[in-house]
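Analysis of the macromolecular model
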Amino acid sequence: MSLVESQQTGRGNSADHVRRHNLAVVLGLVHRSQGVSRSLLTRQTGLNRSTVAALVGELVERRLVVEVDADVQGQVGRPSPIVKPAPLAVALAVNPEIDAITIAVVGLGGQVIKRVRHATDHEPEAREAVQICATVIDGLRDELDANYRVVGIGVAVPGLVRELDGVVRLAPHLGWVDEPLAGMLSEATGYPVVAGNDARLGTLAESTFGAGRDLTDFIYLNGGASGIGGGVIAGGQPLTGAAGYAGELGHTLVNSRGIVCHCGGVGCLETEVRRAPLLALVGLADADSDELENALLASESAEVLAEVHRQLDFLAVALRNAINTLNPQKILLGGFLGSLYAVAPGHLDALVAHQPLRASREGVTIGRAALGLNLLMIGAAELAFSAVLADPAAF
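Residues numbered from 1 in each chain as written. Predicted model: local features only at pLDDT ≥ 70, side-chain atom pairs only at ≥ 80, totals over all residues. Heavy atoms only, no water.

Within the span of helix 3 (residues 38–45), buried status applies to Leu-41, Thr-42 and Thr-45. All buried residues of helix 3 project into a common sector of 105° when viewed along the axis, lining one side. A positive phi of about 80° marks Gly-46, the residue just after helix 3. (Buried < 20%, exposed > 50% of the residue type's maximum accessible area, 1.4 Å probe, protein only. Helix = DSSP H or I, 4+ residues; strand = E, 2+ residues; numbered from the N terminus. Arc of directions from axis to C-beta.)

A few words on the packing of aromatic side chains. The description of an aromatic ring pair rests on the distance of the ring centres and on the angle between the ring planes. Taken as a whole and judged by the stated rule, the model has 0 aromatic pairs. One Lys or Arg, Arg-149, reaches over the ring of Phe-395 and ends 4.2 Å from the middle of that ring. (Phe/Tyr/Trp six-rings, centres within 6.5 Å; stacked < 30°, edge-to-face > 60°. Lys NZ or Arg CZ within 6 Å of the ring centre and 35° of its normal.)

In this section: the sheet that holds strand 12 (residues 218–224). One open sheet holds the 5 strands; their spatial order is 14-13-12-15-16, and the pairing between them is mixed. Taken across any chain shown, the strands that pair with only one partner, and hence form the sheet edges, are strand 14 (237–238) and strand 16 (365–368). Relative to strand 14, strand 13 (residues 227–234) runs antiparallel, the two sharing 2 bridges. Bridged to Ile-233 within strand 14 is Pro-238. Packing against the sheet, helix 7 (residues 198–209) makes contact with strand 12, strand 13 and strand 15 (330–335), and its axis sits at approximately 45° to strand 13. (Pairing = 2+ DSSP bridges. Contact = heavy atoms within 4.5 Å. Axes fitted to C-alpha atoms, helices over the stretch in contact; angles between N-to-C directions.)

With that settled, consider the nonpolar core. Core analysis: the biggest nonpolar cluster contains 36 residues, and Leu-41 and Leu-64 have the highest contact counts within it. Those elements giving two or more residues to this core turn out to be helix 2 (15–33), helix 4 (49–61), strand 4 (89–96), strand 5 (100–107), strand 7 (149–157) and helix 15 (375–390). In terms of residues, this core owes the most to one element, helix 15, which gives 9 residues. Aside from chain neighbours lying at most four places away, what touches Leu-64 is Leu-27, Leu-59, Lys-84, Pro-85, Ala-86, Ala-89, Leu-108, Val-388, Pro-392 and Phe-395. Grouped together as the second largest cluster of nonpolar side chains are 35 residues, Val-232, Val-273, Leu-340 and Ala-344 included. (Core = buried A, V, L, I, M, F, W, Y, C linked by side-chain atoms within 4.5 Å.)

Right, let's get into the sheet that holds strand 11 (residues 193–197). Sheet architecture is open: 5 strands sit in the order 6-5-4-7-11, paired in mixed fashion. Looking at strand neighbours, the two that pair on one side only are strand 6 (111–119) and strand 11, the edges of this open sheet. This sheet shows a mean twist of 20° between the axes of neighbouring strands, independent of strand direction. Across 7 bridges, the pairing between strand 4 and strand 5 is antiparallel. Following the sheet pairing, Asn-95 is matched in strand 5 by Thr-102. Together, strand 4, strand 7 and strand 11 form the strand contacts of helix 7, whose direction differs from that of strand 11 by roughly 95°.

These results come straight from atomic positions and should not be treated as a statement about function.
This is the structure we're talking about:
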């Protein structure tokens, strides 16, 4: 008997419970790998071939996975079929920001199928953001109903979100306080909704599909229009805190003589490291992180380089504290923080090589998030997919 089977049987659970658990294990492996051979599934689960074949067959019937022939070029023997996520099940992902609300259709395996960015000329109130989302989603209904089955909506919020019920306790840049966002959006769309902090969801996405997938301990920092957020993977698990608020590295102190932050504190990282001054220096009113990066790299202005160095100096203070506290393998930078690093990587590397404690900094490297503009969409979708991945038999 396999480890998967014996653990479940040892708890006195029924055969149906064991089957449902094993279905979840197999679907999770297919989802995270974005495609895996049936023979590798057999090795990874410890189940026998016939059991894996039956589980895959049930997932195919439920239209959660598909089997395709393997590439047999240069291969000896009979190839094992490749099990891939099926295109039917999708999640809707939402990310409200101060200048836009982005909605995406995301498939299993982290595939972003469609992305819609609805620009706003002001910070939307929570109910206004819900109405915008509902309108955009209504515009997609015909396409969704004809081609997909929506499992739910995941929302990546630039603020503190209570995991239990999706209430946004505080999104300072948006001006939201104790807004029942998940409930309002579910009522407006008819879909189940789960909400979480945007940077923590970005961390989840990078850990599952991106630059952190082979790391057990890393820190992710993202810079966006609504400030800086962070997330931590420690010992292979997300560090969430008692109520899900862990990882607010954007509100760590970097300048005791700094200005007052939206959160009420003084000298927070996101008061010193900001996207707006960078946009202004390169003459852009708005830009995504890729466009900003290209503009910064193309600039020959000494003023631009001086501002990049100034912001990296403060970022290094936050990273010093994080490295000393958490002892990660790697720091991953996303959004405009990745753009800053691209302009002067040596500057930040040198600071991080000397400021933290020697023992803590040894082996720590800095890198870029791999998922780019799709990062938060994939992370938000993971929230929506969580119920299906936990119990595929209910789909």
